[in-house]
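Take a look at the letters that make up each chain.
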Amino acid sequence: MNEIKELGRDKTTKRCFVAIDLPQSLKEQLNSLIEGLKQADKERKVRWVRPDGIHLTLKFLGEVVPDKIPDIIEATTKTLSQPEIQPFGLLVGKLGVFPNLTAPRVIWVGVDSNLKALNQLQKAVEKALNPVGFPIEARPFSPHLTIGRVPDIGQEEKRKLGILIQNYQGQTNFGVLQVEEAVLMQSELRPEGAIYTPLHSFQL
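Residues numbered from 1 in each chain as written. Predicted model: local features only at pLDDT ≥ 70, side-chain atom pairs only at ≥ 80, totals over all residues. Heavy atoms only, no water.

## Looking at the confidence of the model for the chain
As a reminder, the rule being used: pLDDT is a per-residue confidence score from the predictor, ranging from 0 to 100. Note on contacts: a residue pair qualifies if any of its non-hydrogen atoms lie within 4.5 Å across the two residues.
Across the chain, the average pLDDT comes to 90, with 94% of residues at or above 70. Every residue in residues 1-10 scores below 50 in pLDDT, and together they form 20 contacts with partners more than four places removed in sequence or on other chains.

## Things to note about the sheet that holds strand β2 (residues 47-48)
The strands making up a sheet associate through hydrogen bonds between their backbones, and the pairing can be parallel or antiparallel. Inclusion rule: Should DSSP find at least two bridges between two strands, the strands are regarded as paired. Secondary structure elements are taken from DSSP: a helix is a run of H or I of four residues or more, a strand is a run of E of two residues or more, and numbering for both begins at the N terminus. To get an axis, fit a line to the C-alpha atoms, keeping to the stretch in contact for a helix; angles then go from 0 to 180 degrees between the N-to-C directions.
Sheet architecture is open: 5 strands sit in the order β2-β6-β5-β4-β7, paired in antiparallel fashion. Since the sheet does not close on itself, it has two edges, and those belong to β2 and β7 (176-179), each with one partner. In this sheet, strand β5 (residues 106-112) lies alongside strand β4 (residues 88-98) in antiparallel orientation, the contact comprising 6 bridges. The partner of Phe98 across the bridge, within β5, is Val106. The strands that helix α1 (residues 24-40) touches are β2, β4, β5, β6 (144-149) and β7; relative to β6, the one it contacts most, it runs at about 35°. Strands in contact with helix α3 (residues 115-129) are β4, β5 and β7; relative to β4, the strand with the most contacts, it is inclined by about 85°.

## Some remarks on the pairing of β5
Going by this rule: Three exposure classes are used, based on accessible area relative to the maximum for each residue type with a 1.4 Å probe and protein chains only: buried under 20%, partly exposed in between, and exposed over 50%.
Where burial is concerned, most of β5 is hidden: 5 out of the 7 residues are buried. Across 5 bridges, β5 lies against β6 in antiparallel orientation. Bridge pairing links Gly110 to His144 in β6.

## Quick word on the nonpolar core
What counts is decided by this rule: Side-chain atoms within 4.5 Å are what join buried Ala, Val, Leu, Ile, Met, Phe, Trp, Tyr and Cys residues into a set we call a nonpolar core.
Counting residues in each nonpolar core, the largest one holds 53 residues, and the members touching the most others are Ile107, Ile147 and Leu184. In contact with Leu184, other than residues within four places in its own chain, are Cys16, Phe17, Val18, Leu61, Ile69, Ile72, Ile73, Thr197, Pro198, Leu199, His200 and Phe202.

## Brief notes about the packing of α1 against helix α4 (residues 155-168)
Definition in use: If an angle is under 35 degrees, it is roughly parallel; if it is over 145, roughly antiparallel; if it lies from 65 to 115, roughly perpendicular; otherwise it is oblique. Note on convention: near helix rotated counterclockwise from far helix by under a right angle means a left-handed crossing. Clockwise means right-handed. Think of it as three bins: nonpolar holds Ala, Val, Leu, Ile, Met, Phe, Trp, Tyr, Cys and Pro, charged holds Asp, Glu, Lys and Arg, and polar takes everything else, Gly as well.
Put simply, α1 and α4 touch, their axes get as near as 11 Å, and they point 135° apart. Judged by the angle between their axes, α1 and α4 are oblique. Taken as a pair, α1 and α4 cross one another with a handedness that is right-handed. Contact residues: Leu33, Gly36, Leu37 and Ala40 in α1; Leu164, Ile165 and Tyr168 in α4. Residue classes in the contact of α1 with α4 are distributed as 6 nonpolar, 1 polar and no charged.

## Section: unusual backbone geometry
Most peptide bonds take the trans form, and the phi angle of most residues other than glycine is negative. Of note, the amide linkage connecting Phe98 to Pro99 takes the cis form, showing an omega dihedral of -5°. If you trace the backbone, Pro99 turns up in the loop between β4 and β5. With a phi angle near 70°, Ser113 is a residue other than glycine that sits in the positive phi range. Position of Ser113 among the secondary structure elements: in the loop between β5 and α3. A residue is classified by how much of its surface remains accessible, and Ser113, at 30% relative accessible area, is partly exposed. One non-glycine residue, Asn114, lies in positive phi territory at about 60°. Structurally, Asn114 is set in the loop between β5 and α3. Residue classification places Asn114 among the partly exposed residues on the basis of a relative accessible area of 40%.

Structure follows, in structure tokens:
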């Protein structure tokens, strides 16, 4: 797809990031996992991510003025069109948490296979956008698909949730995600959850 959303001329900032979007079939599979976890955790303490909002973030940009978006698109397009950046596949399946199972704060589904290609893609995006005004992230890249966030529910409740997650860890396998493009996304934070709008796609 080409540029999807008309870029406005106003100075209202847009909360943006670059990510790998997921096909609808994978989002439906992840939704089935979330629904299963919801049923197993009847009190529903977790803030679950809506399936249409699940993505693999490559670079968070923060609040961006619209005038800078064409520069972001130009720099990223130039870098990701280089011959060394090629499509690849990722195995999707491992269920995990940050920081650990005894005190989970973020619940995620991990990716595996071709991590070298994924890291190359992420580093290319970082380097492309650094001259445009976005510093290279100091923290190491940790690729994952966030499916839930855990509020402060107390240590004992977090421990029970960790046990539930552990019981599901051997039951998740969603096949291969074919990565053929990256997407510049806009995120609008609303009380009912974030709304994501693709602004531009970059073919690999």
